[in-house]
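Structural features, examined
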Amino acid sequence: MIERHLLKLRARSQVSAEEENAIRETIAEIRSYPADQTVIRAGERLHSSMLLLDGLMCRYKDLSEGQRQITELHVAGDFADLHSFTLKRLDHNVMTLTPCQIGIVPHINLQRITEQFPHLTRLYWFTTNMDAAIHREWEVSLGRRTAASRIAALFCELRVRLGVVGMTDGDSYQLRLTQTDLAECVGLTSIHVNRTLKELRERSLVEFRSGRVRILDWEGLTEVAEFDPAYLYLDPIPL
Amino acid sequence: MPRFYLHIRNGSGYAEDPEGQDLSDLSAARSAAIDGVRSLLSEEARHGELDLGGSIEIANEDGNILLIVPFSDAINLRRSPR
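Reading the values: rules and limits
Residues numbered from 1 in each chain as written. Chains lettered and ligands numbered in written order. Predicted model: local features only at pLDDT ≥ 70, side-chain atom pairs only at ≥ 80, totals over all residues. Heavy atoms only, no water. Axes fitted to C-alpha atoms, helices over the stretch in contact; angles between N-to-C directions. Helix = DSSP H or I, 4+ residues; strand = E, 2+ residues; numbered from the N terminus. Parallel < 35°, antiparallel > 145°, perpendicular 65-115°, else oblique. Left-handed = near helix turned anticlockwise from the far one by under 90°. Contact = heavy atoms within 4.5 Å. Disulfide = S-S within 2.5 Å. Buried < 20%, exposed > 50% of the residue type's maximum accessible area, 1.4 Å probe, protein only. Pairing = 2+ DSSP bridges.

1. Quick word on the packing of helix 6 (residues 147-164) of chain A against helix 9 (residues 218-225) of chain A
Residues and elements named next belong to chain A. Closest axis-to-axis distance for the helix 6/helix 9 pair is 7 Å, and the angle between their directions is 125 degrees. Between helix 6 and helix 9, the interaxial angle falls into the category oblique. For the crossing formed where helix 6 meets helix 9, the hand is left-handed. For the pair helix 6 and helix 9, the contacting residues are Ala148, Ser149, Ala152, Ala153, Phe155, Cys156, Arg159 and Val160 in the first and Trp218, Leu221, Thr222, Val224 and Ala225 in the second.

2. Re the state of the cysteines
Residue and element names in this part refer to chain A. One pass over the full model with this rule turns up 0 disulfides over all chains. Cysteine cysteine 100 shares no disulfide, and the gap to the nearest cysteine sulfur, in cysteine 58, comes to 9.5 Å. You can call cysteine 100 buried: its relative accessible area is 3%.

3. A look at the sheet that holds strand 2 (residues 38-40) of chain A
Residue and element names in this part refer to chain A. Taken together, 4 strands build an open sheet; the order of strands is 2-6-4-5 and the sheet is antiparallel. Edge positions in the open sheet fall to strand 2 and strand 5 (68-74), since each of these has one partner strand only. The sheet shows a mean angle of 35 degrees between the axes of neighbouring strands, direction not considered. Bridge count between strand 4 (residues 57-62) and strand 5: 6 bridges; the pairing is antiparallel. When the bridges of strand 5 are listed, aspartate 62 appears paired with arginine 68. Across the sheet, helix 5 (residues 118-144) touches strand 4 and strand 5, and the angle it forms with strand 5 is around 140 degrees.

4. Section: unusual backbone geometry
Residues and elements named next belong to chain A. One non-glycine residue, serine 210, lies in positive phi territory at about 45 degrees. Tracing the sequence through the fold places serine 210 in the loop between strand 10 (206-209) and strand 11 (212-215). Here glutamate 226, not a glycine, exhibits a phi torsion of approximately 50 degrees, which is positive. For glutamate 226, the location among the structural elements is in the segment after helix 9.

Set out below in structure tokens:
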């Protein structure tokens, strides 16, 4: 149930059996949500955080005239809003992009973790810092990268993040997003994404078809993306 | 909402829209096409080369082309100072 979450944590620091048990006990219930459902609205008072067990979610903001910017994608094993533990109200919405299984973690339970498990608390602090690192990388993409480079960077990031939680199959992974979802991640239009995917395919770098990403040339793709996985902090950290 | 497919035809060839988008009517589909063209052209402008010869073919679910939107419909080009 929380195996992917444990894989994500253990890639960075040891998690003891006692800590693992404490994590399991923080989950008050598990809920299933359909795709495309907003599960947290900006501004609402929150009393729990959401641990994504299976599926894809995103943080997003809406502008007028239906313009939407997705600011981060969440894969299985991520807390979608661990930061709501300290913020209590979010400045963005959170939605499901595919059907999702979500563990509901009451803030009172997280408080108990902070009081009884200092190492685990530091590890969770690390994960919110990593979310901030991902935001910085997306900021660079949106501000400076070309369309091809933005999409390449996103596919590289997801390959690494999904790899950590055991959800890649060699150079390929499932990504049940539409071109519109992708466009909302990279600040382009669906038409522009379509044309750019064609370009990446014709350059034999990556294919995205029927909800699956197939990387044809990892080195070439990382070059186009200027992708350096350092921002994903993949090595164990002394916490 | 009906589904519209926005295929791209330009100097770099033909890019079929495999998914389509749910849009309220043909006028909304045309707006999406115009937005898409502006997005494509803005990228081209960054590289200093604009291909205005392309078009977006808007098709329905049966594959019938309902409207062709030339790239040139998406912008007003001014060459001399007002």
